[in-house]
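Summary of the model geometry
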Amino acid sequence: MYFPCELVVTDILPTARSAIARSLIERHGYKQIDVARSFGVTGSAVSQYLKGVRGGSEIINDSPHRDDFYDMIDRAADAIANRLDTIEILCNICNFVKESGILHEICAAKNITEELVDCIECPPVNVTI
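Residues numbered from 1 in each chain as written. Predicted model: local features only at pLDDT ≥ 70, side-chain atom pairs only at ≥ 80, totals over all residues. Heavy atoms only, no water.

1. Some points on the layout of surface pockets
Of the pockets and cavities examined, the second largest pocket occupies roughly 150 Å³. Contributing to the lining of the second largest pocket are 14 residues, with Thr 15, Ser 18, Ala 19, Arg 22 and Tyr 70 lying nearest its centre. Taken together, the elements giving at least two residues each to the lining of the second largest pocket come down to helix H1 (4-28), helix H3 (43-51) and helix H5 (66-81). Examining the composition of the lining of the second largest pocket, we find that seven residues originate from one element, H1, more than from any other. (1 Å grid on protein atoms, 1.4 Å probe; cavity = no way out; pocket = protein on both sides within 12 Å on 5 of 7 lines; lining within 4 Å. Points joined across faces, edges and corners; volume = space filled by probe spheres on them. Helix = DSSP H or I, 4+ residues; strand = E, 2+ residues; numbered from the N terminus.)

Dropping the structure here:
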């Protein structure tokens, strides 16, 4: 039995954080320490995102939803740069991954044949990205 949140935490969030970190630095002039504060992680973690040690997903990069995912990442970086809530923004990305079918693509790539358990509804998110 797999919970969607388990797959999101292991396969989606590191990729999203890595791409958002890169976007914040390249497009918004953030320093690594600014990104770390925004994410609530250490500067070392951000360094690992930028070096590709953490994050990056071939499943997402091979997905037909790749462009939509990375468009959302850029909008997420814009929202964070405008001081919107990082947690709510990441929740939007999680919802997109579930609705778009990327989560099922991850299951197929990992040969997960059991059905995903329905998760509780995520809290309402007031941020549009």
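2. Points about the nonpolar core
Ranked by size, the top nonpolar core spans 35 residues in total, and within it Ile 12, Ile 20, Phe 69, Ile 73, Ile 93, Val 97 and Ile 102 carry the most contacts. At the level of elements, H1, helix H2 (32-39), H3, H5, helix H6 (86-100) and helix H7 (102-109) are the ones that each hand at least two residues to this core. (Core = buried A, V, L, I, M, F, W, Y, C linked by side-chain atoms within 4.5 Å. Buried < 20%, exposed > 50% of the residue type's maximum accessible area, 1.4 Å probe, protein only.)

3. Section: the packing of aromatic side chains
In the structure shown here, the tally under the stated rule is two aromatic pairs. Ring plane angle 85° and centroid distance 6.5 Å describe the contact between Phe 39 and Tyr 49, whose orientation is recorded as edge-to-face. Remark: Tyr 49 occurs in helix H3 and Phe 39 occurs in helix H2; sequence separation between them is 10 residues. Relative accessible area serves as the criterion here: at 3%, Tyr 49 is assigned to the buried category. Against the face of Phe 39 rests Arg 17, its NZ or CZ located 5.7 Å from the ring centre. The ring of Tyr 49 has Arg 54 sitting right over it, with the charged end atom 5.8 Å from the ring centre. (Phe/Tyr/Trp six-rings, centres within 6.5 Å; stacked < 30°, edge-to-face > 60°. Lys NZ or Arg CZ within 6 Å of the ring centre and 35° of its normal.)

4. Observations concerning the side chain of Asp 11
If you trace the backbone, Asp 11 turns up in helix H1. A relative accessible area of 13% means that Asp 11 is categorised as buried. At 2.7 Å, the side chain of Asp 11 and the side chain of Thr 10 are in polar contact. Once residues within four sequence positions are removed from consideration, Asp 11 is found in contact with Ser 57, Ile 60, Ile 106 and Lys 110. (Polar contact = N/O pair within 3.5 Å; in protein donor to acceptor, adjacent residues only side chain to side chain. Contact = heavy atoms within 4.5 Å.)

5. Regarding the packing of H1 against H6
In contact at an axis separation of 10 Å, H1 and H6 are set at 120° when each is read in the N-to-C sense. When the axis of H1 is compared with that of H6, the two are oblique. Here H1 runs over H6; the crossing is right-handed. Contacts from Pro 4, Val 8, Ile 12, Leu 13, Ala 16, Arg 17 and Ile 20 in H1 reach Leu 90, Ile 93, Cys 94, Val 97 and Lys 98 in H6. Split by residue class, the contact of H1 with H6 holds 10 nonpolar, no polar and two charged. (Axes fitted to C-alpha atoms, helices over the stretch in contact; angles between N-to-C directions. Parallel < 35°, antiparallel > 145°, perpendicular 65-115°, else oblique. Left-handed = near helix turned anticlockwise from the far one by under 90°. Nonpolar A, V, L, I, M, F, W, Y, C, P; charged D, E, K, R; others polar.)

6. Points about unusual backbone geometry
In this structure, Arg 83 is a non-glycine residue whose phi angle is positive, near 70°. Within the element layout of this structure, Arg 83 appears in the loop between H5 and H6. One non-glycine residue with positive phi stands out, namely Asn 111, at about 55°. Within the secondary structure, Asn 111 is located in the segment after H7.

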